[in-house]
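Close look at the chain arrangement
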Amino acid sequence: MSVVERDKKNELHCAYKHLSAARINFLEVLEKLERLNIENNIEFDKNKIYKLLYVLEKSIVVFIKIYLSEDIKNEDLSKLCNSLRAVRGIFEKEILDIIINNIDKIGDDIMENAIMLDLTDFIGNIANFENHILRCLNYESNISNGTKV
Amino acid sequence: MILKKKKKKSNFEDCNDNCLEESSFNLDNLITSISVMDTNINIKKKKKKRDVL
């Protein structure tokens, strides 16, 4: 394995850690939403949220397959990065809409704050994932430009 | 001489990505694209295995 390949793998390793952490944050938010649904009768579009979870988990599977493949294609990585960026955007909008629409039903502020904290962690982890992927994509482009990474 | 004030460029003007378009936030499109990616990677894997054999 060349130095570039090894460095790329290291970046992907970090990216994977952030992605799996983002999945845990997503599930934390989902758990709190379900609890609010039962206790405070707050309605949300379950279909949409579970579809997002599907995309997120499928992305993790695809990411592992890319990581295990011997040659890491930059196209695949940038596509994956774009789809996860979209997941982040949709999820953020959806959660904020749910909280704003049910602000009177959410009795204690603690739950709302807890959801917002998990959402922030999720956004941060996806942002860090993107950061590592971008660094990984930069390795090859910098080498073709003749600049040192 | 009257100096004309330069119009400030919006940050989004330079963005050529379609990140602000509605289509990029379509959830069903997202599901199809990730499934297509998965199948493409599986096909590549199978091809590699065949080449090795």
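Just above sits the structure.
**Regarding the packing of aromatic side chains**
All names here are of chain A. Under the counting rule described, the total for this entry stands at five aromatic pairs over all chains. Ring centres of tyrosine 16 and phenylalanine 63 lie 6.3 Å apart, and the angle between their planes is 10°; on these two criteria the pair is classed as stacked. Note that tyrosine 16 is positioned in helix α1 (residues 3-39) and phenylalanine 63 in helix α2 (residues 46-68), a separation of 47 residues in sequence. Tyrosine 16 sits in the partly exposed class, given a relative accessible area of 31%.

**A closer look at helix α1 (residues 27-52) of chain B**
The end-to-end C-alpha separation of α1 of chain B is 38 Å, in line with the 38 Å expected for 26 residues at 1.5 Å each. Three or more residues of α1 of chain B are buried, namely Leu27, Leu30, Ile31, Ile34, Met37, Asp38 and Ile41 of chain B. Those residues of α1 of chain B that are buried are in contact with α2 and α3 (74-101) of chain A. For α1 of chain B, the side-chain oxygen to backbone nitrogen distance between the N-cap and aspartate 28 of chain B is 3.1 Å, and the N-cap itself is asparagine 26 of chain B.

**Considering the pattern of salt bridges**
For the structure shown, the criterion picks out 15 salt bridges over all chains. With a shortest N-O distance of 3.2 Å, glutamate 34 of chain A and lysine 46 of chain A are connected by a salt bridge. Highlighted residues: glutamate 34 of chain A in helix α1 and lysine 46 of chain A in helix α2, separated in sequence by 12 residues. The exposure class assigned to glutamate 34 of chain A is buried, which follows from its relative accessible area of 18%. The partner of aspartate 28 of chain B in a salt bridge is lysine 51 of chain A, with the nearest N and O atoms 2.9 Å apart. With aspartate 28 of chain B in helix α1 and lysine 51 of chain A in helix α2, this pair bridges two chains. Among the residues examined, aspartate 28 of chain B registers a relative accessible area of 42% and is labelled partly exposed. A single salt-bridge network, built from bridges that share partners, covers Glu28, Lys32 and Asp118 of chain A.

**What to know about the nonpolar core**
Of all hydrophobic cores here, the largest spans 48 residues; its most connected members are Phe63, Leu77, Leu80, Phe91, Ile95 and Ile133 of chain A. Counting only elements with at least two residues in this core, the list comes to α1, α2, α3 and α4 (109-145) of chain A together with α1 of chain B. Considering each element in turn, this core owes the most residues, 11 residues, to α3 of chain A. Apart from the residues lying within four places of it in its own chain, the contact partners of isoleucine 95 of chain A are Val29, Leu33, Ile49, Ile115 and Leu119 of chain A.

Definitions and limits used
Residues numbered from 1 in each chain as written. Chains lettered and ligands numbered in written order. Predicted model: local features only at pLDDT ≥ 70, side-chain atom pairs only at ≥ 80, totals over all residues. Heavy atoms only, no water. Phe/Tyr/Trp six-rings, centres within 6.5 Å; stacked < 30°, edge-to-face > 60°. Helix = DSSP H or I, 4+ residues; strand = E, 2+ residues; numbered from the N terminus. Buried < 20%, exposed > 50% of the residue type's maximum accessible area, 1.4 Å probe, protein only. Expected span 1.5 Å × (residues − 1). Contact = heavy atoms within 4.5 Å. Polar contact = N/O pair within 3.5 Å; in protein donor to acceptor, adjacent residues only side chain to side chain. Salt bridge = Lys/Arg side-chain N within 4 Å of Asp/Glu carboxyl O. Core = buried A, V, L, I, M, F, W, Y, C linked by side-chain atoms within 4.5 Å.

Function-wise, these values are silent; they only describe arrangement.
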